[in-house]
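Given next are the chains, with one letter for each unit.
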Amino acid sequence: MSSTYTASITAPVNIATLKYWGKRDTSLNLPTNSSISVTLDQADLKTTTSAMASADFTKDRLWLNGEEDLQLSQSKRLTQVLSSLKEKRRLREAKDESLEKISSWFVHIVSVNNFPTAAGLASSAAGFAALVVCIAKLFELDDDMTELSKIARQGSGSACRSLFGGFVAWEMGSLADGSDSKAVEVCPLNHWPEMKACVLVACADKKDVSSTSGMQLTVKTSDLFQKRIDEVVPERFEQMKKSIHDKNFALFAELTMKDSNSFHATCLDSYPPIFYMNDTSKKIVKLVHLINAFYNETIVAYTFDAGPNAVLYYLEQNELKLMSFIYAMFKDLNGWETKYSTEELNKFISN
Ligand code: PMV
């Protein structure tokens, strides 16, 4: 048996606080607007990917959550990502004679998510980020994360942001070849370590309109969309980066909620309309505004991706204040578990 190469890594989910919605180039995944996200703690939502290259393999193969993806060769995005990485390795081999010529070998990839796949919890972001970083490690590439983000972007746009921890921007760029459409760090997580996220799973089913087809329907049919990309998002992009730099939670939260609402409004304004949020999602929106009004301070923000599940952002010092409300609302659901005692949870809303 000839030699094999292996690599294994984990990649976290990122949830956009300023949403990417719309492609100006569908094959290169170039967006119609820049976006910002927060990369969630790896302990909670993550993809673990392992890869092996061997001269004995006869084709590229991928197993996702224990099942082989038999359509791999038909997935344009996956094959595009794999061939870009193989090409980078081939260029290294051409420069360095001592390197084994593994760029022509096939790879086997095993990828597992520890959370529902395709339910609007950014599984494709973590998945493609993990794939790119894992294969880059396997091929011993020396590209930095921004450079690799351009490849991850071609798999799934939002994946480019999962290559960084903390607060991340995807700069849309303006070049036709996509070479300036890349992820950059806004601030590392330790700049604002008090920032926490809580995911409320309203429904773990797979979404019925994929983000790719949903966003292109919006681009083609929504009247609100043009204003969003020309005026609303460019201004919000700068304001949101500043709110992160200044650790201004109230502003960050307001921009995050407004942007989630604006994105879902363009979905509703598409024809036929797209509904990602359900009745539970709408109750969560009301609850968050009620909580902020109750405390007379913005302590929590919601955001919804292309699905009904909410991600709430808050500062650690306000966790109990927030959890008191979540507890009051959802304590009768199965599987309720919390690190707080019932007395603690009742402290704020019973008096
Ligand atoms: O990266 P995609 O194609 O799965 O699209 C992601 C779109 C949103 O999650 C709704 C927004 C975003 O910026 O992540």
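Because the structure is a prediction, the values reported are computed rather than measured.

Peer 1: What is the right way to read the sheet that holds strand S8 (residues 67-68) from this model?
Peer 2: Two orientations exist for strands paired in a sheet by backbone hydrogen bonds: parallel and antiparallel. Ordered in space as S1-S6-S9-S7-S8, the 5 strands form an open sheet in which the pairing is mixed. At either margin of the open sheet sits one strand with a lone partner, and together these are strand S1 (4-12) and S8. Bridge count between strand S7 (residues 61-64) and S8: 2 bridges; the pairing is antiparallel. Following the sheet pairing, tryptophan 63 is matched in S8 by glutamate 68. Sitting on the sheet, helix H2 (residues 123-138) touches S1, strand S6 (46-54) and strand S9 (106-113), and the angle it makes with S1 is about 145°.

Peer 1: Looking at this model, I keep getting lost on helix H4 (residues 211-221). Mind explaining?
Peer 2: Among all positions of H4, only Ser211, Gly214, Met215 and Thr218 are buried. Considered in projection along H4, the buried side chains sweep an arc of 95° and stay on one side of the axis. In this structure, H4 carries Ser213 and Lys220 as exposed residues pointing more than 90 degrees from its buried face. Buried residues along H4 sit against strand S3 (23-25), helix H5 (224-245) and helix H6 (249-268).

Peer 1: Just checking my understanding: could you explain the site of the ligand for this structure?
Peer 2: Neighbouring the ligand are 15 residues, the closest being Ala16, Tyr20, Ser158, Ser211 and Asp305. At the level of secondary structure, the elements contributing two or more residues to the shell around the ligand comprise H2 and H4. Taken together, the residues of the shell around the ligand sort by class into 6 nonpolar, 7 polar and 2 charged. A domain split of the shell around the ligand shows at least three residues from each of domain 1 (4-188) and domain 2 (196-346).

Peer 1: Got a minute to help me understand the sheet that holds strand S2 (residues 14-18) in this structure?
Peer 2: Sheet architecture is open: 4 strands sit in the order S2-S5-S10-S11, paired in antiparallel fashion. Of all strands in the sheet, those with a lone pairing partner are S2 and strand S11 (182-187), marking the two edges. On average, each strand axis in the sheet is inclined to that of its neighbour by 35°, with strand direction left out of account. Taken together, the 5 bridges between strand S5 (residues 35-39) and strand S10 (residues 166-171) define a ladder with antiparallel strand orientation. Bridge pairing links serine 35 to tryptophan 170 in S10.

Peer 1: Even after reading the chapter, I still don't get the nonpolar core, so can you show me in this structure?
Peer 2: Nonpolar side chains in soluble globular proteins tend to end up buried together. Of all hydrophobic cores here, the largest spans 81 residues; its most connected members are Ala129, Val132, Val133 and Ile135. In terms of residues, this core owes the most to one element, H2, which gives 12 residues. There are two domains that each give this core at least three residues, and those are domain 1 (4-188) and domain 2 (196-346). Residue contacts for valine 132: discarding those within four places in its chain leaves Val81, Leu85, Leu148, Ile151, Ala152 and Gly155.

Peer 1: Sorry, what's going on with the environment of asparagine 318 here?
Peer 2: Note on placement: asparagine 318 falls in the loop between strand S14 (310-315) and helix H8 (319-330). Here asparagine 318 falls in the partly exposed class, since 18 other C-beta atoms lie within 10 Å of it. Distance from asparagine 318 to glutamate 194, taken between C-alpha atoms, is 9.6 Å for residues 124 residues apart in sequence.

Peer 1: I'm lost on unusual backbone geometry in this one. Help?
Peer 2: One can expect most non-glycine residues to show negative phi and most peptide bonds to be in trans. The amide bond that connects tyrosine 271 to the next residue, proline 272, takes the cis arrangement and shows omega of 0°. Within the secondary structure, proline 272 sits in the loop between H6 and helix H7 (279-295). For asparagine 29, which is not glycine, the phi torsion reads 55° and is therefore positive. Relative to the assigned elements, asparagine 29 resides in the loop between S3 and strand S4 (30-31). With 24 C-beta atoms packed within 10 Å, asparagine 29 lands in the buried category.

Peer 1: It is not clear to me how the domain arrangement of the protein chain should be interpreted in this structure. Could you clarify?
Peer 2: Interface size is commonly expressed as the accessible area that is lost once the parts come together. The domain boundaries assigned to the protein chain delineate domain 1 (4-188) and domain 2 (196-346). Opposite the 25 residues of domain 1 that make contact, domain 2 presents 32 residues. Where the side of domain 1 that touches domain 2 is concerned, the elements lending two or more residues are S2, S5, S10 and S11. At 4 residues, the largest contribution of residues to the side of domain 1 that touches domain 2 is made by S2. Classifying every residue of the side of domain 1 that touches domain 2 gives 16 nonpolar, 7 polar and 2 charged.

Cut-off values and rules
- Every residue gets a number counted from 1 within its own chain, in the order that chain's sequence is written.
- Confidence filtering applies because this is a predicted model: local features only for residues at pLDDT of at least 70, side-chain atom pairs given and counted only at 80 or more, and all residues used for totals across whole chains, interfaces and linings.
- Here a strand pair is declared whenever DSSP counts at least two bridges between the two strands.
- Working definition: helices are DSSP H or I runs of at least four residues, strands are E runs of at least two. Numbering for both runs from the N terminus.
- In this description, any two residues whose backbone-derived C-beta atoms lie within 7 Å of each other are considered to be in contact.
- Geometry is summarised by axes, namely lines fitted to C-alpha atoms with helices restricted to the contacting stretch, and by angles between N-to-C directions that run from 0 to 180 degrees.
- In this scheme the burial state of a residue depends on its C-beta neighbours within 10 Å: 20 or more other such atoms mean buried, 12 or fewer mean exposed, and anything in between means partly exposed; the C-beta positions come from the backbone.
- Each direction from the helix axis to a C-beta atom contributes to the arc, which is the arc of those directions.
- For each residue, a C-beta position is placed from the backbone atoms; the residue is near a molecule or strand when that point lies within 6 Å of it.
- Gly falls in the polar group here, along with every residue not listed as nonpolar (Ala, Val, Leu, Ile, Met, Phe, Trp, Tyr, Cys, Pro) or charged (Asp, Glu, Lys, Arg).
- Note that the domain bounds reflect an automated or database-derived domain assignment.
- The nonpolar core criterion groups buried Ala, Val, Leu, Ile, Met, Phe, Trp, Tyr and Cys residues into a set whenever they are joined through C-beta atoms within 7 Å.

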